[in-house]
Amino acid sequence: MPALDTTKKLQDYIELDKQLLWHPYTSMSHPTPHFLVKKAQGCVIELEDGRQLIDGMSSWWSVIHGYSHPYMNEKIQHQLSQFAHVMFGGFTHKPAIELAQKLVAMTPAPLQRVFFSDSGSVSVEVALKMAIQYWHSQGKPKKQFFATPKSGYHGDTFAAMSVCDPENGMHNLFTGALTQQFFVPPPPTGIEQSVSQAYLQEIRELFNEHHHTIAAFIIEPVVQNAGGMRFYNPEYLNHLRALCDEFDILLIFDEIATGFGRTGKTFATEHSQISPDIMCVGKALTGGYMTLAATITNDKVALGISDKGGVFMHGPTFMANPMACAAANASLELLQGYDIEGKIGQLEGWMRTALSPCQALDSVKEVRCFGGIGVVELHEPVNQHLIQPKFVELGVWVRPFGKLIYLMPPYIIEQQQIDTLGKAIYQIASEL
Ligand code: PMP
């Protein structure tokens, strides 16, 4: 293997990267192009070759306050000067306690017990384990399977994969190795579309037949994200809550993508009138600075597991990492200073204006925006190898997947930057 040499030319680093590194969802023999980043500030990512890109992705929806935020940097540096990490078994620390306090205050009232873990996928594993352990403690050990809508996405670890859409390209390779769960169709799309009683009836029938073995129903509230950027009527959540209660099934909301303002409310759950039994958050929790996630639950589940001498069987090495908690505390403090509805409403309006011209293109099936999410859905899937460098040439960072070219920018982005992103998307979609 070639040794690293800091005098290397930029192209050498790119070559080394190709030889040594896996990137997300890529091949080692036919890697997609990767661009060497030098620094990032606000909504601009600068490459080592000097090119500057306006960020439309918030680094997979996490960097909500932009890059190198002075307040975030200061708080993390302060924590670093105290201690970077201690084990959470036997020790505790102020960053974790303060963060738990903030999360409990922000989330719907019954959610008040917090479990920290390393990533969104792990927080989903934790949620699923909580549900199984809860029913075990209630003398119902057969309730250890999950129901979920198709087109969902909950992460790449095994149990999380088992509740992802069973047919899309991402996970069908592993089907034989995954626990078989119960799937219902995805909620019909359209925030304003009236609720389909036939759809709810289908879920009722599934619950009626299988509630003895179903521990929980897991769903991304209001927006199915990586499974297709599908927006649905929040009313479905109220109905799901009622159905889950009727059939003794726990309700899990995966707010990993939607949490912390992305849909125009602090949590997408707030578009409905109910709260889940368990909620997973991650991504924007630390303002995209570090990896951290939380699984937050109510007393029913937490005390159900713990009463009669039970303990919850999970405990990662880097649980509640103090640096990550300090980042999250800083990010939530910044978020609390925002008028979320106003700010995200404005962002939605800007994206609508910038993306709507795409509607006229032959390659485009639909343009839709909701909160801080703007989507241009194409008729055909894009070729990422070809399209990614074109976006970079136009000075923007947009990373499409499948048939979707979309924006989920940092909340601090300016209208002019959204316009530039919209023009780039228009140009590229018009060449397809
Ligand atoms: N759930 C949802 C809704 C997600 O969007 C994601 C990530 N895209 C995950 C879970 C998994 O999170 P992570 O990548 O941090 O493991």
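See the structure printed just above.
The present account deals with the structure reproduced in this document. (Residues numbered from 1 in each chain as written. Predicted model: local features only at pLDDT ≥ 70, side-chain atom pairs only at ≥ 80, totals over all residues. Heavy atoms only, no water.)

Topic: helix H9 (residues 299-306)
Residues Val301, Ala302, Gly304 and Ile305 constitute the buried set of H9. Buried residues in H9, looked at end-on, bunch into an arc of 165°, giving them a common side. Buried-residue contacts for H9 involve strand S4 (111-117), helix H5 (120-137), strand S10 (250-254), strand S11 (278-281) and strand S12 (293-298). Looking one or two places after H9, you find lysine 308, whose phi comes out positive at around 60°. (Buried < 20%, exposed > 50% of the residue type's maximum accessible area, 1.4 Å probe, protein only. Helix = DSSP H or I, 4+ residues; strand = E, 2+ residues; numbered from the N terminus. Arc of directions from axis to C-beta. Contact = heavy atoms within 4.5 Å.)

A closer look at the nonpolar core
Grouped together as the largest cluster of nonpolar side chains are 126 residues, with contacts concentrated most on Phe207, Phe217, Ile252 and Phe260. The greatest single-element share of this core, amounting to 9 residues, is contributed by H5. Counting residues domain by domain, this core receives three or more from each of domain 1 (35-68 + 339-430) and domain 2 (72-336). With near-sequence residues (within four places) excluded, phenylalanine 260 lies in contact with Ile64, Leu103, Met106, Thr266, Phe267, Val281, Gly282, Ala284, Leu285, Leu332, Leu335 and Tyr411. Core analysis: the next-biggest nonpolar cluster, separate from the first, contains 6 residues, Met72, Ile76, Met323 and Ala327 among them. (Core = buried A, V, L, I, M, F, W, Y, C linked by side-chain atoms within 4.5 Å. Domains from an automatic or database assignment.)

So, the packing of aromatic side chains
Counted according to the given criterion, the structure contains 13 aromatic pairs. Aromatic pair tyrosine 199 and tyrosine 236: ring centres 5.5 Å apart, planes at 85°, arrangement edge-to-face. Placement of the pair is tyrosine 199 in helix H7 (residues 197-210) and tyrosine 236 in helix H8 (residues 235-246), with a sequence separation of 37 residues. The same class applies to tyrosine 199 and to tyrosine 236, which are both buried. Where phenylalanine 207 meets phenylalanine 217, the ring centres are 5.9 Å apart and the plane angle is 75°; that geometry is what we call edge-to-face. A residue pair is termed long-range when its members are at least 10 positions apart, and phenylalanine 207 in helix H7 and phenylalanine 217 in strand S7 (residues 214-219) qualify at 10 residues. Phenylalanine 217 gets classed as buried once you look at its relative accessible area, which sits at 0%. (Phe/Tyr/Trp six-rings, centres within 6.5 Å; stacked < 30°, edge-to-face > 60°.)

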